[in-house]
Amino acid sequence: YDIGAVLEGFSPYLWANLGVGLGISLSVLGAAIGIYTTGASILGGGVKAPRIRTKNLISIIFCEAVAIYGIIMAIVISTSVVHFDEATASEKVLRANYKAGYSFFAAGLTVGFCNLFCGVCVGVVGSGAALADAQNGTLFVKILIVEIFASAIGLFGVIVAILQTANVRMGDKAD
Amino acid sequence: MFSESMFSVDAGYLEGLARGFKGGILKKTDYYNLTQCETLEDLKLHLQSTDYGHFLANEAGPLTVSVIEERLKEKLIIEFNHLRTQATGYLAEFMDYITYSYMIDNVVLLLSGILHDRPIKEMLAKCHPMGTFEQMEAIHIATTTRELYDAVLVDTPLAPYFADCINEEDLNEMNIEIIRNTLYKAYLEDFSAFCQQIGGTTAEVMQEVLAFEADRRAFMITINSFGTELLKEDRKKLYPACGRLYPGGLEMLAQAEEVEQVKLVADYFAEYRVMFEDDGTGMDKTLEDKFFEHEVRLNVRAFMQQFHYGVFYSLVKLKEQEIRNIVWIAECVSQRHRAKIEAYIPILE
């Protein structure tokens, strides 16, 4: 059973487009979980403490940023997916395209999972921030610092994904 | 990991709202102001500046302690029902479980009222509003437990707890207390199992709270049964099995014949030993006061964790304790007997 032959049978387009799909969908999943976790707590806490309503929207913005990272990478990768002619390609070009396919898949996974966990994290912390703010107004700024660190990890995902896709190209002129 | 994230979908708003209610619980300064009151009108004035607001505003006639107590309970019911009507799924069932303990108290209250030939309307007025169930008036037709079950309880949520109680004996003083404790034992064990089924943080938090409730009842049943005709085997059947005392401690308690022996049992558990000792502060707190204090401590701790249903249970219990505190202070104020006015149990800083 030749795994190599099976893997070689998969077109690089499959990998690249899977990368795009996973990247954006997992990022949005993380952002969604974060937003509803924080949002529900802001609504609940805001009933008895209306002053928290506006300030705590920052937490929602942090969650949203996570989805934006996802869409940036998805656009970067999908604009790089270029047609190449498999029949007439030289060995070098073929290898370069396969490499590009794998790189795009990996970049999509990187940014997707990083943003998924980042979104969940920012959501839980943001929820805690809203409820603590409702009880004691001085706590919000302190907890915001935790949230900033939490959203930094999503940024790491984007940076690594950019590095992964930095020098790879698909197409007939790829090398 | 994601299960705690999923919590917010259905219960996130209600948790935030419940924490808002908890933030309105009276603090030390509020209690200080209340203890300085000279009359009940002063008390009403001070309560206006707290979360209670103008709840006594429409009271016609002179203010009495029972009126204040009624209005306080009413406010708690309104808040609880507001949360309950918006709850779904496990949370709705959880909140229903909270009301069952009040239902048990109401059933026993009505039964003892019948025993003493009190008019049914008077007894219904005294029932706790959180434990209403249908067919409450029909209780007066029951003379044995089987009739009680068939006529009234089979349609209520208390039906499964009654399995151990049904016999053909006539209802009398002793039996009613035994009924109360048997029902409560079945209820506590059922509630505990339900919380374990929910799992996660809810199970963890509720386990602690319900275990203390079970142990407290075991201690109180034992101590109150000294000098009565309750046999040791019967006493043993009343102990709930979901506490820290199960199984070894309950065995020992079942054999106890005086308070010293109960103290020996409590010595095995660090928290309970402290409660039975004399603390050197000189204030003579009763055992029940110490139990209440510990319960308040456990319930406040429940708020330290997020994304679990325990906050709803603890909110109800803390509000109840607050009502007891305010009523105690109101009694001291209205009878001008200020010696023990400080004997309320503080809840929050």
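Since this is a predicted model, take the numbers as computed values, not measurements.

Engineer: Break down the overall build of chain B for me, citing the residues and quoting the values.
Structural biologist: Within chain B one finds 15 helices and zero strands. Taking 20 Å as the expected radius of gyration for a compact globule of 349 residues, we find that chain B reaches 21 Å, a close match to that expectation. Based on the C-alpha atoms only, the size of chain B along its principal axes is roughly 55 × 55 × 50 Å. Looking at the 349 residues of chain B, the share that counts as buried comes to 52%. For chain B, the proportion of contacts with a sequence separation of at least 24, taken over those separated by at least 6, is 65%.

Engineer: Can you explain the interface of chain B and chain A? Please cite residues and give values.
Structural biologist: With 19 residues of chain B at the interface, the matching set in chain A holds 18 residues. For the pair chain B and chain A, the summed buried surface comes to about 1,400 Å²; carbon and sulfur atoms form 69% of the total. A salt bridge links Asp51(B) to Lys48(A); the nearest nitrogen and oxygen atoms lie 3.4 Å apart. Taken together, the links from chain B to chain A amount to three residue pairs in polar contact (both at pLDDT 80 or more).

Engineer: Tell me about the packing of aromatic side chains, residues and numbers included.
Structural biologist: A complete count under the given rule lists 29 aromatic pairs over all chains for this structure. Stacked on the ring of Tyr184(B), the Lys or Arg Arg217(B) has its end atom at 3.8 Å from the ring centre.

Engineer: Got a sec to walk through the pattern of salt bridges? Specific residues and values, please.
Structural biologist: This model, assessed by the stated rule, comprises 20 salt bridges over all chains. Of the charged contacts, one joins Arg180(B) and Asp105(B) as a salt bridge, the two residues approaching to 3.2 Å between their closest N and O atoms. Here Asp105(B) lies in helix 5 (residues 89-115) and Arg180(B) lies in helix 8 (residues 173-198), a separation of 75 residues in the sequence. What makes Arg180(B) partly exposed here is its relative accessible area of 22%. Under the relative-accessibility criterion, Asp105(B) is labelled partly exposed at 33%. Members of the salt-bridge network, linked through shared partners, are Arg51(A), Lys55(A) and Asp133(A).

Engineer: Go over the UniProt feature "transmembrane region" (unreviewed entry) in chain A, please, and point to the residues and values.
Structural biologist: All names here are of chain A. In this numbering, the UniProt entry assigns the feature "transmembrane region" (unreviewed entry) to residues 14-36, 57-84, 104-132 and 139-163. The span residues 14-36 is 100% helical and 0% strand by assignment, and the distance between its end C-alpha atoms comes to 33 Å. In residues 104-132, the share of helix is 100% and the share of strand is 0%. The end C-alpha atoms are 41 Å apart.

Engineer: If you had to explain the nonpolar core to someone new, which residues and values would you point to?
Structural biologist: Note that soluble globular proteins tend to have their nonpolar side chains buried in a common cluster. Ranked by size, the top nonpolar core spans 117 residues in total, and within it Leu83(B), Phe94(B), Phe191(B), Phe219(B) and Phe312(B) carry the most contacts. The leading source of residues in this core is helix 5 of chain B, at 14 residues. Contact partners of Leu83(B), with chain neighbours within four places excluded, come to Leu14(B), Leu17(B), Ala18(B), Phe21(B), Met95(B), Phe312(B) and Leu315(B). Grouped together as the second largest cluster of nonpolar side chains are 15 residues, Ala16(A), Val20(A), Tyr69(A) and Phe84(A) included.

Engineer: Requested: an account of the UniProt feature "domain: V-ATPase proteolipid subunit C-like" (unreviewed entry) in chain A, with residues and values cited.
Structural biologist: Within the UniProt annotation, "domain: V-ATPase proteolipid subunit C-like" (unreviewed entry) is assigned to residues 18-77 and 105-163 of chain A. The span residues 105-163 of chain A is 95% helical and 0% strand by assignment, and the distance between its end C-alpha atoms comes to 13 Å.

Engineer: How would you explain helix 4 (residues 65-86) of chain B if you had to name every residue and give the values?
Structural biologist: Spanning 22 residues, helix 4 of chain B covers 32 Å between terminal C-alpha atoms, matching the ideal 32 Å at 1.5 Å per step. Among the residues of helix 4 of chain B, Val65(B), Ile68(B), Arg71(B), Leu72(B), Leu76(B), Ile77(B), Glu79(B), Phe80(B) and Leu83(B) are the ones counted as buried.

Engineer: Kindly report on a nonpolar patch on the surface, identifying the contributing residues and their values.
Structural biologist: Residue and element names in this part refer to chain A. Among the surface-exposed residues, Tyr 1, Ile 3, Val 6, Leu 7, Phe 10, Leu 14, Leu 18 and Tyr 102 lie close enough to one another that they form a single nonpolar patch of about 790 Å² accessible area. Taken together, the elements giving at least two residues each to the nonpolar patch come down to helix 1 (3-9) and helix 2 (12-48). If one sorts the elements of the nonpolar patch by residue count, helix 1 sits on top with three residues. Residue position: Tyr 102 is located in helix 5 (residues 91-135).

Engineer: How would you summarise the packing of helix 3 (residues 40-48) of chain B against helix 15 (residues 310-334) of chain B if you had to cite specific residues and measurements?
Structural biologist: Residues and elements named next belong to chain B. Two numbers describe how helix 3 lies on helix 15: the axes approach to 9 Å, and their chain directions differ by 145°. On helix 15, the residues touching Leu 40, Leu 43 and Leu 47 of helix 3 are Ile 326, Ile 329, Ala 330, Val 333 and Ser 334. Residue composition of the contact of helix 3 with helix 15, grouped by class: seven nonpolar, one polar and no charged.

Engineer: Break down helix 4 (residues 57-80) of chain A for me, with residues and values.
Structural biologist: Residue and element names in this part refer to chain A. For helix 4, with 24 residues, the first-to-last C-alpha span of 35 Å sits near the 34 Å given by 1.5 Å per residue. Among the residues of helix 4, those classed as buried are Ser 59, Phe 62, Cys 63, Val 66, Ala 67, Tyr 69, Gly 70, Met 73, Ala 74 and Ile 77. Against the buried residues of helix 4 lie helix 2, helix 5 and helix 6 (139-164).

Engineer: I'd love a proper account of the environment of Phe105(A), names of residues and values included.
Structural biologist: Residues and elements named next belong to chain A. Locating Phe 105 in the fold gives a position in helix 5. When the C-alpha atoms of Phe 105 and Phe 10 are compared, they prove to be 13 Å apart, with 95 residues separating the residues in sequence. Each residue touching Phe 105, except ones within four places of it in the same chain, is listed here: Trp 15, Leu 18, Gly 19 and Leu 22.

Engineer: Talk me through the side chain of Glu213(B); I want residue IDs and the actual numbers.
Structural biologist: Residues and elements named next belong to chain B. Looking at the element boundaries, Glu 213 is found in helix 9 (residues 200-225). Reaching out from Glu 213, the side chain makes a polar contact with the side chain of Arg 216 at a distance of 3.3 Å. Apart from residues no more than four positions distant in its own chain, Glu 213 is found in contact with Tyr 184, Leu 188 and Glu 295.

Engineer: Let's hear about the environment of Ala159(B): which residues, and what values?
Structural biologist: Residues and elements named next belong to chain B. As for its position among the elements, Ala 159 is in the loop between helix 7 (145-151) and helix 8. Sequence separation between Ala 159 and Gln 197 is 38 residues, and the spatial gap between their C-alpha atoms is 21 Å. Setting aside residues no more than four positions away along its own chain, Ala 159 makes contact with Tyr 149, Leu 153 and Val 154.

Analysis parameters
- Here the residue numbers are simple positions, counted from 1 along each chain's written sequence.
- Whichever chain is written first is A, and whichever ligand is written first is 1; the rest continue in order.
- Only residues with pLDDT of at least 70 are given local features in this predicted model, and only at 80 or more are side-chain atom pairs given and counted; all residues enter the totals for whole chains, interfaces and linings.
- Hydrogens and water are ignored here; the side-chain numbers use all heavy atoms of the structure.
- Where helices and strands are cited, they refer to DSSP runs of H or I of at least four residues and of E of at least two residues respectively, numbered from the N terminus.
- Taken over C-alpha atoms, the radius of gyration is set against a globule rule of 2.2 Å times the number of residues to the power 0.38.
- Partly exposed residues are those whose accessible area sits between 20% and 50% of the maximum for their type, while under 20% is buried and over 50% is exposed, using a 1.4 Å probe and protein chains only.
- Contact criterion: two residues are considered in contact whenever any of their non-hydrogen atoms come within 4.5 Å of each other.
- Buried area counts how much accessible surface, traced with a 1.4 Å probe, disappears from two parts once they are put together, with both parts' losses summed.
- By salt bridge we mean one thing: a side-chain nitrogen of Lys or Arg within 4 Å of a carboxyl oxygen of Asp or Glu.
- Within 3.5 Å is the distance limit for a polar contact, defined as a pair of N or O atoms, with the added protein rule that one can donate a hydrogen and the other accept it, and that residues adjacent in sequence qualify only through two side-chain atoms.
- A pair of Phe, Tyr and Trp rings is counted when the ring centres sit within 6.5 Å of each other, with Trp represented by its six-membered ring. The angle between the planes then sorts it: under 30 degrees is stacked, over 60 is edge-to-face, the rest tilted.
- Here, a charge over a ring is recorded when the distance from Lys NZ or Arg CZ to the ring centre is within 6 Å and its angle to the ring normal is within 35 degrees.
- UniProt positions are given in the numbering used here, feature names are shortened, and annotations may be inferred rather than shown by experiment.
- Throughout, nonpolar core names a set of buried Ala, Val, Leu, Ile, Met, Phe, Trp, Tyr and Cys residues whose side chains join them through atoms within 4.5 Å.
- One fewer than the residue count of a helix, multiplied by 1.5 Å, yields its expected span.
- Each patch is built from residues lacking any salt bridge and having more than 30% relative accessible area; the joining distance is 9 Å for like charges and 5 Å for nonpolar side chains (Val, Leu, Ile, Met, Phe, Trp, Tyr).
- Reported accessibility uses the Shrake-Rupley method at a 1.4 Å probe radius. Residues are deemed covered only where the shown protein chains occlude them.
- Geometry is summarised by axes, namely lines fitted to C-alpha atoms with helices restricted to the contacting stretch, and by angles between N-to-C directions that run from 0 to 180 degrees.
- Gly falls in the polar group here, along with every residue not listed as nonpolar (Ala, Val, Leu, Ile, Met, Phe, Trp, Tyr, Cys, Pro) or charged (Asp, Glu, Lys, Arg).

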